[in-house]
Amino acid sequence: MQVLVTGGAGYIGSHALKQLNKAGHSTVCIDNLAKGHQEFAADYPFYEGDIADTVLLSKIFARHKIDAVMHFAAFSLVGESVQKPLSYYKNNVASTLSLIETMCASGIDKFIYSSSAGVYGEPKEIPIKENAKTSPTNPYGMSKLMVEKILEDLDRSGKIKFVSLRYFNAAGAHPDATIGEDHNPETHLIPLVLDVALGRKESITVFGNDWPTKDGTCIRDYIHVCDLIDAHILSLDYLASGGKSDIFNLGNGLGYTVKEVIEGVASVTGKKIQTQMGPRRPGDPAVLVASSKKAINVLAWKPKFANLEQIISSAWLWHKKRFKVKVKEEGSKR
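Throughout this document, residue positions are counted from 1 along each chain, in the order its sequence is written. Whole-chain, interface and lining totals are the exception, using all residues; otherwise, since this is a predicted model, local features are given only for residues with pLDDT of at least 70 and side-chain atom pairs are given and counted only at 80 or more. Side-chain metrics in this entry use all non-hydrogen atoms of the structure; hydrogen atoms and water are not considered.

Peer 1: Any chance you could break down the pairing of strand 6 (residues 161-167) for me, citing the residues and the numbers?
Peer 2: Here is the key point about a regular strand: its side chains alternate between the two faces of the sheet. A simple rule labels every residue: compare its accessible area, found with a 1.4 Å probe on the protein chains alone, to the largest value its type can have, and call it buried under 20%, exposed over 50%, or partly exposed in between. Secondary structure counts use DSSP, requiring at least four H or I residues in a row for a helix and at least two E residues in a row for a strand, with both numbered from the N terminus. Burial analysis of strand 6 places six of its seven residues in the buried class, the great majority of the element. Where strand 5 (residues 110-116) and strand 6 come together, seven bridges link them in parallel fashion. Paired with Ser 115 across the strands is Arg 166, a residue of strand 6. Crossover connection from strand 5 via helix 5 (residues 139-156) to parallel strand 6: handedness right-handed. Across five bridges, the pairing between strand 6 and strand 11 (residues 246-250) is parallel. Following the sheet pairing, Tyr 167 is matched in strand 11 by Leu 250. Here, strands pair whenever DSSP counts at least two bridges between them. The handedness rule is simple: strands pointing away from the viewer, and a clockwise path from the first strand over the helix to the second, make the crossover right-handed.

Peer 1: Any chance you could break down the packing of aromatic side chains for me, citing the residues and the numbers?
Peer 2: Two rings belonging to Phe, Tyr or Trp (six-membered ring only in the last case) form a pair when the distance between their centres is within 6.5 Å. Interplanar angles under 30 degrees mark stacking, angles over 60 mark edge-to-face geometry, and anything in between is tilted. A complete count under the given rule lists four aromatic pairs for this structure. Here Phe 111 and Tyr 113 contribute two aromatic rings whose centre-to-centre distance is 6.1 Å and whose plane-to-plane angle is 15°, an arrangement assigned as stacked. Considered together, Phe 111 and Tyr 113 belong to a single accessibility category, that of buried residues. Ring geometry for Tyr 238 against Phe 248: centres 6.3 Å apart, planes inclined by 90°, an arrangement best described as edge-to-face. With Tyr 238 in helix 7 (residues 225-240) and Phe 248 in strand 11, this pair connects stretches of sequence that are ten residues apart. Residue classification places Tyr 238 among the buried positions, given a relative accessible area of 14%. Lysine and arginine charges are scored as sitting over a ring when NZ or CZ, respectively, is within 6 Å of the ring centre and within 35 degrees of the ring normal. One Lys or Arg, Arg 280, reaches over the ring of Trp 211 and ends 3.9 Å from the middle of that ring. The aromatic ring of Phe 248 is capped on one face by Lys 294, whose charged end is 5.2 Å from the ring centroid.

Peer 1: Can you lay out the sheet that holds strand 14 (residues 287-288) for me, pointing to particular residues and giving the numbers?
Peer 2: Strands belonging to one sheet form pairs held by backbone hydrogen bonds; the direction of such a pair is parallel or antiparallel. Reading across the sheet, the three strands line up as 12-9-14 and stay open at both edges, with mixed pairing between neighbours. Across the chains shown, the open sheet's two edge strands, defined by having one partner strand only, are strand 12 (256-257) and strand 14. In the sheet, strand 9 (residues 219-220) pairs with strand 14 via two bridges, with the strands oriented parallel. In the sheet register, Ile 219 faces strand 14, and the bridge partner there is Val 287.

Peer 1: Outline helix 4 (residues 85-105), supporting the account with residue identities and numerical values.
Peer 2: The span expected for a helix works out to 1.5 Å for each residue beyond the first. Given a rise of 1.5 Å per residue, 21 residues ought to cover 30 Å, and the 29 Å separating the end C-alpha atoms of helix 4 matches this to within 8%. We call two residues in contact whenever any of their non-hydrogen atoms come within 4.5 Å of each other. Where helix 4 is buried, its residues meet strand 1 (2-6), helix 2 (54-64), strand 4 (68-71), helix 3 (78-83), strand 5 and helix 5. Gly 107 sits one or two positions beyond helix 4 and adopts a positive phi of about 80°.

Quick look at the structure:
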């Protein structure tokens, strides 16, 4: 199939490009480079532009005979969404509507949507199942849920078939260390701790040590980015074979505390990790762990990187390659 990957120069989108082509699909990338890195998409047809540009999208759809869209072009910082809610609703909802509208006008009816565990808010039961109550606690999570509701309406109208994949904590890097996480600013725990291991940061701040967990720090479910994309490709095959529109959680079903992640990084890197304590962040749930049984049963999805050490090890290989030279150069100027 010929797949348009929106946000394909970003962390998750670039892995989609790489793995889709390996699986025998063809890809086209569109990215406005607000957050992405063009070199991550250098091996594929690339358009610099915004998904709100319906003229450009129409040209891409016609020129490349696109069969399906995988949509990764979204703002994703929870704290920023609280400070700039209009920006998140404009980009994550309004621009996505422009994309979907242009798809429908071009006769494209298969849509794989990058959603989030943020749609659940404060979970009542762990592990979280897809039928759990959705009650986002921030504009980012709400923007993802709003698009899901729009997709459900479009499905009922016969305009589109979709799979929405609710990620938990995407982490790790491609095993060949050619692509990985490089956000600015970085907000994800594993790369932040790896920054300490590389000497790019002096310490990592732990936000709260009085949570109702085994060591007092928050618990999260980490899923390797390559496993995440495997589920996207299986979702594409599922829709192509006539599968009905549906929503799936993507996680490993295992929860690790912040302290366990820090200890894991120390073990993998052989570096001592300095920590400092900070207050709880408003809106942080104590525990977020997925039930991915539905994806396993319906999509025949099986994570290959099922433990934390594998995830951290792949991220460490990438992190050293991406940032160590820069650290040396900065040090030589002092």
